[in-house]
Amino acid sequence: MQMLDGKLASAAVKKQLQEKVLAHISQGKRAPHLAAILVGSNGASETYVASKVKNCEEIGFESTLIRLDEKVTEVELLAHIEQLNNNEGIDGILVQLPLPKHIKEQAVIEAIHPSKDVDGFHPINAGKLMQGMDCFIPATPYGVVLLLQHYGIETKGKHAVVLGRSNIVGRPMSILLSNASATGNCTVTLCHRNTENLASITQQADILVAAIGIPEFVTADMVKPDAVIIDVGITRVVDTTKKSGFAIKGDVKFNEVAPKASFITPVPGGVGLMTIAGLLTNTLKAYEQNSVTVG
Ligand code: GUN
């Protein structure tokens with residue numbers, strides 16, 4: 001078994017991005033600029049956004065974090081997005097999800113201009129992805145692709161099984177793995193809560209991507225020997241032995257599945273770090289596409 005180390009792979013991606021930023025700046029251009037909006041104070045969202053901002057700084061991007069109160073209205077949030085859409089100094093915009101219940105997530109996603117939609121959640125980008133067109137790919141499935149690329153894992157002709165059909169991970173992941181591309185060409189099965197005989201399907205997976213948010217759901221008996229296991233889960237579970245009071249658990253029962261796998265991602269230290277690499281790659285892409293106006 002070999003570990004798919006998100007720390008190593010994301011560091012390699014970030015180094016390349018940093019070099020590209022330096023090249024742009026040496027030509028007299030400004031740095032790429034990501035704006036993140038965080039509504040309320042959900043602990044996990046706080047951590048993710050802080051990490052996104054920190055990673056921007058590490059590779060020479062500018063970042064702006066806009067914190068809004070839990071009670072902000074949808075109209076006020078949309079007005080912030082509109083300002084960022086119209087600000088030529090901002091290349092990428094992300095609104096951290098989930099949002100409070102009184103705000104319609106879909107309205108927020110559709111308010112972000114597709115050319116600044118570095119999360120790739122806008123229907124224009126989702127539609128382009130489905131048609132194999134150039135677009136912003138959602139950061140987590142993009143990160144998984146970058147990880148597979150980094151480790152030279154062959155996908156062509158393999159049976160990939162994706163657990164979970166969310167718009168953020170499972171569905172775009174299934175499309176990427178099936179597309180005619182260097183990290184695609186898989187035969188893909190997308191499983192969800194209504195899938196019958198789930199284990200009989202996961203047992204056929206050469207590549208298994210678990211993105212359901214149920215800690216340690218995938219057990220050794222569900223896995224084909226020598227499968228590639230990608231664990232997208234990052235759930236906080238109470239752990240009084242930890243200073244923080246919680247531990248991070250993936251969707252895969254790592255200790256029993258790892259010995260059976262050819263490659264496996266750890267949690268933490270796997271896909272989470274690659275999500276940030278995907279986001280930063282998208283932000284540089286937005287900046288470069290916007291570069292006619294980048295002074
Ligand atoms: N919440 C969980 N994952 C993501 C993500 O990739 N982007 C945003 N904006 N929110 C999320």
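All residue numbers refer to position in the chain's written sequence, counted from 1. Where local features are concerned, this predicted model is filtered to residues with pLDDT of at least 70; where side-chain atom pairs are given and counted, the filter is 80 or more; whole-chain, interface and lining totals use all residues. Computation of side-chain values covers all heavy atoms of the structure but excludes hydrogens and water.

## Notes on empty space enclosed by the protein
Just so we agree on the cut-off: Lining residues are defined by having an atom within 4 Å of a point belonging to a cavity or pocket. Those points lie on a 1 Å grid over the protein atoms alone, cavities being sets where a 1.4 Å probe fits but cannot get out and pockets being open sets with protein on both sides within 12 Å along at least five of seven lines. Grid points are joined across faces, edges and corners, and a volume is the space filled by probe spheres set on the points. Each helix corresponds to a stretch of at least 4 residues labelled H or I by DSSP, and each strand to a stretch of at least 2 residues labelled E; elements are numbered beginning at the N terminus.
Throughout the structure, instances matching the rule amount to one cavity of 30 Å³ or more. The calculated volume of the largest cavity comes to roughly 70 Å³. Looking at the largest cavity, the residues that line it are Leu94, Val95, Leu97, Val108, Ile109, Ile112, Asp117, Asp119 and Phe121. Elements with a contribution of two residues or more to the lining of the largest cavity: strand 4 (92-95) and helix 4 (105-111).

## What to know about the environment of Ile201
Basically, it comes down to this: Pairs of residues are marked as contacts when any of their non-hydrogen atoms sit within 4.5 Å.
Its place among the elements puts Ile201 in helix 8 (residues 198-202). Along the primary structure Ile201 and Ala139 are separated by 62 residues, whereas in three dimensions their C-alpha atoms are 26 Å apart. Here Ile201 is in contact with Val161, Thr189, Cys191, Thr195 and Glu196, once residues within four sequence places are set aside.

## Thoughts on helix 2 (residues 43-58)
The cut-off we apply is this: One fewer than the residue count of a helix, multiplied by 1.5 Å, yields its expected span. Buried, partly exposed and exposed residues are distinguished by accessible area as a fraction of the type maximum, computed with a 1.4 Å probe on protein chains only: under 20%, between the cut-offs, and over 50%, respectively. Starting at the helix axis, one direction is taken to each C-beta atom, and the arc is that of these directions.
The terminal C-alpha atoms of helix 2 lie 23 Å apart, and with 16 residues this matches the ideal 22 Å at 1.5 Å per residue to within 8%. Taken together, the buried positions of helix 2 are occupied by Ala44, Ser45, Val49, Lys52, Val53, Asn55 and Cys56. Down the axis, helix 2 shows its buried residues gathered within 165° of arc, on one side only. Turning to helix 2, the residues buried within the fold contact helix 1 (6-26), strand 2 (33-39), strand 3 (62-68), strand 4, strand 9 (235-238) and helix 10 (271-289).

## A look at the site of the ligand
Which entries qualify depends on this criterion: Residue proximity to a molecule or strand is established when one non-hydrogen atom of the residue lies within 4 Å of it. N or O atoms within 3.5 Å of each other form a polar contact, as long as, within protein, one can give a hydrogen and the other can take it, and as long as residues adjacent in sequence are counted only when both atoms are side-chain atoms. For the area figures, the Shrake-Rupley method with a 1.4 Å probe applies, and any residue is considered shielded solely by the protein chains shown. For this classification, the nonpolar set comprises Ala, Val, Leu, Ile, Met, Phe, Trp, Tyr, Cys and Pro, the charged set comprises Asp, Glu, Lys and Arg, and every other residue, Gly included, is treated as polar.
Residues in close proximity to the ligand include Lys52, Leu94, Val95, Gln96, Leu97, Asp119 and Phe121, which together make up its full environment. At 2.9 Å, a backbone N or O of Leu97 approaches a nitrogen atom of the ligand. Measuring from a nitrogen atom of the ligand, one finds a side-chain N or O atom of Asp119 at 2.7 Å. Out of a free accessible area of 280 Å², the ligand has 84% covered by protein chains. By residue class, the composition of the shell around the ligand is four nonpolar, one polar and two charged.

## A word on the environment of Ala286
Turning to its location among the elements, Ala286 is positioned in helix 10. Taking the relative accessible area as the measure of exposure, Ala286 reaches 2% and is therefore buried. Sequence spacing of Ala286 and His102 is 184 residues, and the spatial spacing of their C-alpha atoms is 30 Å. Those residues in contact with Ala286, other than ones at most four positions away along the chain, are Asp91, Ser115, Val118 and Phe136.

## Observations regarding the layout of surface pockets
By rolling a water-sized probe across the atoms, one finds the places where empty space is left. For the second largest pocket, the calculated volume is near 610 Å³. If you trace the second largest pocket, you find 27 residues lining it, with Ile137, Tyr142, Val145, Leu146 and Gln149 closest to the centre. Secondary-structure elements contributing two or more residues to the lining of the second largest pocket are helix 1, helix 6 (139-150) and helix 10. Looking at the lining of the second largest pocket residue by residue, the class counts come to 14 nonpolar, nine polar and four charged.

## Considering the packing of helix 2 against helix 10
The cut-off we apply is this: Where helices are involved, their axes are fitted lines through C-alpha atoms of the stretch in contact, as for all axes, and angles between N-to-C directions lie from 0 to 180°. Any angle that falls under 35 degrees is termed roughly parallel, while one over 145 is termed roughly antiparallel, one within 65 to 115 roughly perpendicular, and all others oblique. Should the near helix be turned counterclockwise from the far one by less than a right angle, the crossing is left-handed, whereas a clockwise turn marks it as right-handed.
Between helix 2 and helix 10, the shortest axis-to-axis distance is 10 Å and the interhelical angle comes to 55°. Between helix 2 and helix 10, the angle falls in the class oblique. Relative to helix 10, the crossing made by helix 2 is right-handed. Across the interface between the two elements, Ser51, Lys52, Asn55 and Cys56 from helix 2 touch Ile276, Leu279 and Leu280 from helix 10. Split into classes, the residues belonging to the contact of helix 2 with helix 10 amount to four nonpolar, two polar and one charged.

## Some points on the pairing of strand 4
For the record, the criterion: Pairing between strands requires that DSSP locate at least two bridges from one strand to the other.
Along strand 4, one buried face is formed by Gly92 and Leu94 and the opposite face, lined by Ile93 and Val95, is buried too. Here four bridges tie strand 2 to strand 4, and the two strands are oriented parallel to one another. The partner of Ile37 across the bridge, within strand 4, is Val95.

## Points about the side chain of Asn55
Tracing the backbone through its elements, the reader meets Asn55 in helix 2. Here Ser51 takes part through its backbone oxygen, which lies 2.7 Å from a polar atom of the side chain of Asn55. Among residues more than four places away in sequence, those in contact with Asn55 are Lys14, Ile276 and Leu280.

## Overview of the pairing of strand 8 (residues 228-231)
Covered by surrounding structure in strand 8 are Val228 and Ile230 together with Ile229 and Asp231, the residues of both alternating faces. Inspection of the sheet shows strand 7 (residues 207-210) paired to strand 8 by four bridges, in the parallel sense. Residue pairing for strand 8: Ala210 is matched across the bridge by Asp231. Where strand 8 and strand 11 (residues 263-264) come together, two bridges link them in parallel fashion. Considered in strand 11, the bridge of Ile229 is made with Ile264.

Without other data, these values stay purely geometric and don't point to any function.
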